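Reading the structure
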Amino acid sequence: MFQPAITGSGVFTPDQVITNEELVATFNAYAEAFNAENAAAIAAGEVEAKGMSSPGFIVGASGIEQRYVMDKTGVLNPAVMHPLLRQRSDDEPSVMAEMALDACGKALKQAGREAGEIDLVICAASNHERPYPAIAIEIQQLLGAGGFAFDMNVACSSATFGIQAAADMIRSGSVRRALVVNPEICSGHLEWRDRDCHFIFGDVCTAVVLERAEDARGAHFVIRSTRCATQFSNNIRNNNGFLRRTRPDGMADRRDMQFMQEGRKVFKEVLPLVSRHIAQHLEEDGVAPDELRRLWLHQANKSMNDFIGKKVLGRVPAPEEQPNILQDYANTSSAGSIIAFSKYSDDLESGDNGLICSFGAGYSVGSVLLETA
């Protein structure tokens, strides 16, 4: 059995930003047009009027101040309200693979490795732009990596589940070095016309290099242990899929074909699940809460992270103990905890413990306990 470690990480950030003010202006223009067009039905009680949004509402509900996206022109057009991405030929790199190349390149550089030294690529994300061939295999080919590759989808927990899968293969000796990459184009599955969630998501791509600790060429994080758990729930759901055209009205513009959640139920049910999961993981590995220097949590909602941090540590975490990045990036699904890890891990010293945790639809929760080498 070999000891796995994370030796490099990288983040690709799109160059387009949507502020809360821009988003609200677009949403309110859409809502006003909708209400005017449906005035008679609204007056008759047949259609519900669209309420207005505000920057204050968004920050209060989520802690989000802006988000990066692959395309803002479509999102900020009240007549469109979704990203507009160029149709690519089958011979061109896919959007997700193109994002991945940037993040993987940064992770490889930090690890001091070449792509040819990689023998496993896992593309772990909440959405994949096609069913097959696997995005991971395309990334493998474009990088010039060896071995094998596959896609994985566990919604917002995809990154930590991917890390566990790669770490287990390194432990067993079936692979020596792996890339786990998380290209998240969340703007594509968000319903920007829904006031309750129109502000939640942003786009990004993250990547980590995993290898045997004995092979590490510089500072690295030993993976002490990993834990994953799932519990079925419909409270976060997307009904889009390849059978859509087989069903009556399957191709209609239906709300359930985009991201949907019962926010209050999720808050009530997920927080205890995640808090228990982390506490049990630490206990099983013999790490006391006060020995945990850093919590890199899933970046979905500031209130959720504050609750989990306080529950795990038994007190209000200091900002540096539980860094948040969602004020700048918004919710980036599986990539959020990896952004936090990549940006807020350089200051840890040898022997320090930290934990990456992501959670979401499924329900699913994954945690990775690290020790700075």
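One can find the structure itself at the top, above this paragraph.
Here's what I pulled together on the structure shown here. The model shown is predicted, which means the values in this text are computed figures rather than measured ones.

**Side note on the sheet that holds strand 8 (residues 221-230)**
- The nine strands lie next to each other as 5-4-6-7-1-8-13-12-11, forming an open sheet whose pairing is mixed. Either end of the sheet is taken by a strand with one partner, and the two such strands are strand 5 (148-152) and strand 11 (292-297). Neighbouring strand axes in the sheet, compared pairwise and without regard to direction, differ in orientation by 25 degrees on average.
- Relative to the sheet, helix 4 (residues 95-111) contacts strand 1 (4-12), strand 6 (177-185) and strand 7 (203-212), its axis offset from that of strand 1 by approximately 130 degrees.
- Docked against the sheet, helix 6 (residues 158-172) engages strand 1, strand 4 (120-124), strand 5, strand 6, strand 7, strand 8, strand 12 (353-360) and strand 13 (364-372), running at close to 120 degrees with respect to strand 8.

**Re the packing of helix 7 (residues 263-284) against helix 8 (residues 302-313)**
- Orientation of helix 7 relative to helix 8, taken along the N-to-C sense of each, is 35 degrees, at an axis distance of 9 Å. Crossing hand, helix 7 versus helix 8: right-handed. Contact residues: F267, V270, L271, V274, S275, I278 and L282 in helix 7; S303, M304, F307, I308, K311 and V312 in helix 8.

**Describing helix 10 (residues 336-343)**
- The element helix 10 is extensively covered by neighbouring structure, given that seven of its eight residues are classed as buried.
- When we look at burial in helix 10, the residues that qualify are G336, S337, I338, I339, A340, F341 and S342.

**Quick word on the pairing of strand 13**
- Most of strand 13 is tucked away, with eight of its nine residues classed as buried.
- The pairing of strand 8 with strand 13 spans nine bridges and is classified as antiparallel. Residue pairing in the sheet places T226 in a bridge with V368 of strand 13.
- One ladder, built from eight bridges, connects strand 12 with strand 13; its direction is antiparallel. Note that in strand 13 the partner of C357 across the bridge is S367.
- Joining the antiparallel neighbours strand 12 and strand 13 is a turn of three residues, in which G362 adopts a positive phi near 140 degrees.

**Considerations on the packing of aromatic side chains**
- Overall, the coordinates contain nine aromatic pairs when judged by the stated rule.
- Between F57 and F199 the ring centres are 5.7 Å apart and the planes differ by 90 degrees, which places this aromatic pair in the edge-to-face class. With F57 in helix 3 (residues 55-62) and F199 in the loop between strand 6 and strand 7, this residue pair connects regions lying 142 residues apart in the sequence.
- For F57, a relative accessible area of 24% translates into the label partly exposed.
- Look at F199 and you get buried, because its relative accessible area is 4%.
- Residues F201 and F259 carry aromatic rings whose centres are separated by 4.8 Å and whose planes lie at 90 degrees to one another, so their mutual orientation is edge-to-face. Here F259 lies in the loop between strand 9 (236-237) and strand 10 (260-261) and F201 lies in the loop between strand 6 and strand 7, a separation of 58 residues in the sequence.

So, how was this worked out
Residues numbered from 1 in each chain as written. Predicted model: local features only at pLDDT ≥ 70, side-chain atom pairs only at ≥ 80, totals over all residues. Heavy atoms only, no water. Pairing = 2+ DSSP bridges. Helix = DSSP H or I, 4+ residues; strand = E, 2+ residues; numbered from the N terminus. Axes fitted to C-alpha atoms, helices over the stretch in contact; angles between N-to-C directions. Contact = heavy atoms within 4.5 Å. Left-handed = near helix turned anticlockwise from the far one by under 90°. Buried < 20%, exposed > 50% of the residue type's maximum accessible area, 1.4 Å probe, protein only. Phe/Tyr/Trp six-rings, centres within 6.5 Å; stacked < 30°, edge-to-face > 60°.

Geometric values such as these leave the question of function open.
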